[in-house]
Each structure stands twice: as C-alpha cells, then as structure tokens.
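# Structural characterization, general
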Amino acid sequence: MGETENHHHPPPPPQVVAPPSAPPPNLGLSRGPTWTPAEQLHQLQYCINSNPSWPQAFLLAFQHYIVNLGTTVLIASTFVPRMGGNHGDKARVIQVLLFMTGINTLLQTLIGSRLPVVMGASFAYTLPLLSIINDYTDEAFTSEHDRFVRGMRTIQGSLIVSSFVNIILGYGRAWGELTRFFTPIVVVPVVCLVGLGLFARGFPLLGNCVEIGLPMLILLVISQQYLKRIHPRTTLILERFGLLLCIGIIWAFAAILTVSGAYNNVKPATKQSCRTDGSYLMSSAPWIKIPYPFQWGTPIFRASHVFGMIGAALVSSAESTGTFFAAARLSGATAPPAHVLSRSIGLQGVGMLLEGLFGSLVGTTASVENVGLLGLTHIGSRRVVQISTAFMIFFSLFGKFGAFFASIPLPIFGAIYCILLGIVAASGITFIQFANNNSMRNIYVLGVSLFLGLSIPQYFSMNTSDGHGPVRTNAGWFNDILNTIFSSPATVAIIVGTVLDNTLEAKHLNDRGVPWWKPFQLSKGDARTEEFYGYPLRLNEYMPTRFL
C-alpha cells in the first residue's frame, strides 16, 4: 500500500485533435478521364482544306465514284423495268444519273455547301415515280418502250416545276431561317436517322446473295480495322484503300461463281443479285453517249404529278441538311451556318432543274454513303470529291467502261453500306456533347424524335402498296405530298424534334446547347466560317451579300 501511495504517475499525454475528414471521393472521376467537347474531329488525316498527294487523291476519288455507283444502279434497276424500259434504256438512265451527279457535285463543292459531299440520286422520289408508273400502266401504248418514254417525259416536267420550290426556299433564305430553330438536340436525331433510316439498303440488300455479301462485310471489317495493325505500312494502305481491295477480291469471287455455273439453276431474283452479268449492262450500254437536254422528248406537265415531286423535293432538302451536318463533322469543319445551308438548298434546286432538262430519272440529294466514306478513310478533303466528279462524267459518256464497274453485284454494295451508313448515324450522336445529356427534358426530346422518326415512316412503308400510301383522300396530289414527307425518317425527325425542342421549357439555355450553337448560325459568328465555307477564287467580290 505504501509503495502504491508514494508512487507518482506521469501526466497523461496531450490529446491529439483528428484532422477534419476529407470529403468522399468523386466516384465518377475515379473511373477515368472525362472528354471535353470537340468542335472538330482531331483524328482526321486530311481535313476539308488539306489534300493528299495526287496519286492518292485519284485513288480516293475513284473510291467515291464506286461507292456512289451502287445507289445509281439500284435506283435504275428498280424503276426502269417497271416503267417498261429495256436493258438499253436502263444503261442510258444510269449514264444520265451519273452525268448529273458529277455536274451537281462539282457545283455544290464550288459554290454551294463547299463541303466534300457527293450529290447522288435519291430514293426520296420513290412514291412520285410509282404514281407516274401506275397512271400509265393501264393506258394503251404501241410498245413498252413508248410507255417508258412517256413516263420519262412526265418525270422531266415534274422535276422542272418542283425545282423552283427548292430554288425559292434556298435563295430566298427561308430554309436558313428554318435551321435557326435547330439546336444540337434537333441535329442529333436528324443526322442519326439520315443514316439509320436507310437500313433497308444495308443487310436486307446484302441478304439477297449472302455468299457474296457476307464475306464482303466480314473482309471489310477485318482488313480495314484489324489487318492494318500488322505492319506500319499496311495501316496507310488498308485504312485508305481497303475498301477498293475488298471490292476487287469479292467481285472476282463472284465472277468465278458466275463462270463456274453456280447460279445456272437458281431463281431469277438470285441470278440478278449474284451474277456479275445479271444487269446486262455490258451488252446494252453504248460505247459513247453524250446526254443532252430533252433527250426523251418534250416534257409533260401534269399537276397531280408535280405536287408529288414537290413533296419529294422537300424531303430531299431535309435529308441533305442532315447529311451536310454529318459531312462537316467528318471533314473537320465547323457546323454549316444558316446562309450556307440556304444557298446549298437553292443550288440543289438548280440541280433539279438541270436534271429535268437532261431527262434524269430522279432528283439528287447529298449522298449519305459517300459521307460515311469520309469517316471510314479519315480523309475529308474537298479536292478528293471534286476529282471524283471527273470519273462520274467520264464513265457517263463512255458507257462500256462505266457498265463494266456497274456489273458489281448489288449485295457487295449492301455490305459496304452496313459500315458507311452506321458511321454517319454515329456521327450524329456526337452532337449531344454540346448539350446537357443529363437533362430529362433533352432525353425526352431525343427519345421521342428518334423513335417517331423510325416508327412513323415504317408505318407508311408497311401500308404502301403499288405507290399508294396510307393517306388516301380524293385529292391525289395531297396524298402524294403527305405520303412522301412522312415516309422519310430524317424529315419526321426534323418536324418532331424542332417542335418539341422549341416549345418545351428548358431551365437553362445551356441545357439545349444554344450558346455553342448560336455563333455558327451567323455568317461572321465564328472566325473559321470563312475558311471552310467561303467561295473560291475571290467570288465573294462578285456575289450578292445575301448569298455570302
């Protein structure tokens, strides 16, 4: 006890105050870096104003010609036989379509959008064409060829009159004023559906001859994306020219199957899709044929058919607008301003007028598949597309040479479109980075626009037979306009998206991406606008200011 009492304990240690607890970690940041919005893609090897070497430019231009050739042959093969035309008529129609594609593309890249866009034949004119075909089916003609010529003359007259709608909307600047209501929330579904809306030209076309189309699809993916990693030199070759190599390999394979008799005892539809001589173009195409105005005869003007063509002209303008945004994205340019879109649509109307004069089967629109080729090759050079017009015009004049490449089986093009159209659709998704993609309001607008943009045209397609859509009133012209407009996914997306985005209240303009979007709607709102979209050769000094 005594020892315990006399023992002195040391003083207790001072209390250490714990530092304030750190805030919980941001789990979102811990999962990886966040990407800042990029107005221009930085992985392009050549952008809109830069140019590859001349040999590479010519090969890339020829590639653009081949890609566009598939749609041209498909349209002619679909409609010319139904109009009563023979194989020679189909060859002449293809020549005219290629010739006008070359002329309109050259004009558009020089004094139109200035984007690297091919202006190719459009499927938007399907219903007006079927309406004309049906009207002449029951009439008596001395021969099927006379019925075909009568139909072509009617198409000529309808194209000539309807072209003035685009000319007025474009050069009157009305189309540009409409696009001022666009925001990234509207552009996303429009560009997406420009690509996705053409899904019928993808695997369904490939499936017409699986033994050719499917190997093409697999070979293109493997060679263009995987084999290029084998050696540094293969990267350049396969990334830029892998498409041409794959076409050559599979085309040779199809020729071997044709010569060996693999398709001698199959259905006629299979023969036409799989055989390399199924189009009969080599035997029927003339050696030299120069398209000239009114080559089918005097145009026929019928009001009922003109109104249907007007609907198709509006649809082609809407689809071209979406394609222009995709082309700007995939060529390294900023978004096209309103005045550029106006003059582009106006020039597209001038192109329709020329097509009516020269006797084209359909009008043109911005080629979606060729824009996808910009993304596939990572080359958005304007000069490459301008050189491709030389191939289009040359092969339209010398028919035998053009017919040789037109004998490529269409399922090969179906495989190509599976890739190219998907790239365009994906480029539309990238515009969401400029708006608030966590806004429930934006999610609603995007979801409804995308779904109705696919669902409404599908309803019209399922209920269309012999050129007659679900709208069937006593006014045939009214039916043609509505059936044509609502059969286009991109057009429906523009209507639904613009209405919803401009009528639903947003908490902040930033949510819609308006602050980012507004400078690109003005002619001098961004310093890069003149660099990408200015006229060449000092043409600005001679053009009216309303077109600049």
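Residues numbered from 1 in each chain as written. Predicted model: local features only at pLDDT ≥ 70, side-chain atom pairs only at ≥ 80, totals over all residues. Heavy atoms only, no water.

### Quick word on the overall build of the protein chain
When its secondary structure is counted, the protein chain shows 25 helices and two strands. Principal-axis analysis of the C-alpha atoms places the extent of the protein chain at approximately 140 × 55 × 50 Å. Counting every position in the protein chain, which comprises 548 residues, the buried fraction comes to 54%. Put simply, 86% of the contacts in the protein chain that link residues at least 6 apart link residues at least 24 apart. Taken as a whole, the protein chain presents about 24,200 Å² of accessible surface, with 66% of it coming from carbon and sulfur. (Helix = DSSP H or I, 4+ residues; strand = E, 2+ residues; numbered from the N terminus. Buried < 20%, exposed > 50% of the residue type's maximum accessible area, 1.4 Å probe, protein only. Contact = heavy atoms within 4.5 Å. Areas by Shrake-Rupley, 256 points an atom, 1.4 Å probe, with all protein chains shown as cover.)

### Topic: the side chain of threonine 498
With respect to the helices and strands, the residue threonine 498 is situated in helix α22 (residues 489-503). Given the relative accessible area of 11%, threonine 498 is considered buried. Separated by 2.6 Å, the side chain of threonine 498 and the backbone oxygen of isoleucine 494 make a polar contact. In this structure, threonine 498 is in contact with Phe181, Phe182, Val186 and Ala493, ignoring residues within four places of it in sequence. (Polar contact = N/O pair within 3.5 Å; in protein donor to acceptor, adjacent residues only side chain to side chain.)

### Points about the packing of helix α4 (residues 87-111) against helix α15 (residues 338-358)
Where α4 meets α15, the closest approach of the two axes is 10 Å, and the angle between their N-to-C directions is 155°. Here α4 lies roughly antiparallel to α15, going by the angle between them. Classified by chirality, the crossing of α15 by α4 is right-handed. Across the interface between the two elements, Val96, Phe99, Met100, Ile103, Asn104, Leu107, Gln108 and Ile111 of α4 pack against Arg343, Ser344, Leu347, Gln348, Gly351, Leu354, Glu355 and Phe358 of α15. Taken together, the residues that form the contact of α4 with α15 break down as nine nonpolar, five polar and two charged. (Axes fitted to C-alpha atoms, helices over the stretch in contact; angles between N-to-C directions. Parallel < 35°, antiparallel > 145°, perpendicular 65-115°, else oblique. Left-handed = near helix turned anticlockwise from the far one by under 90°. Nonpolar A, V, L, I, M, F, W, Y, C, P; charged D, E, K, R; others polar.)

### Some points on the environment of phenylalanine 401
Its place among the elements puts phenylalanine 401 in helix α18 (residues 399-406). Along the chain, phenylalanine 401 and glycine 157 lie 244 residues apart, while their C-alpha atoms are 31 Å from each other. The residues touching phenylalanine 401, leaving out its near neighbours within four places in the chain, are Trp287 and Phe395.

On their own, these measurements won't tell you what the molecule is for.
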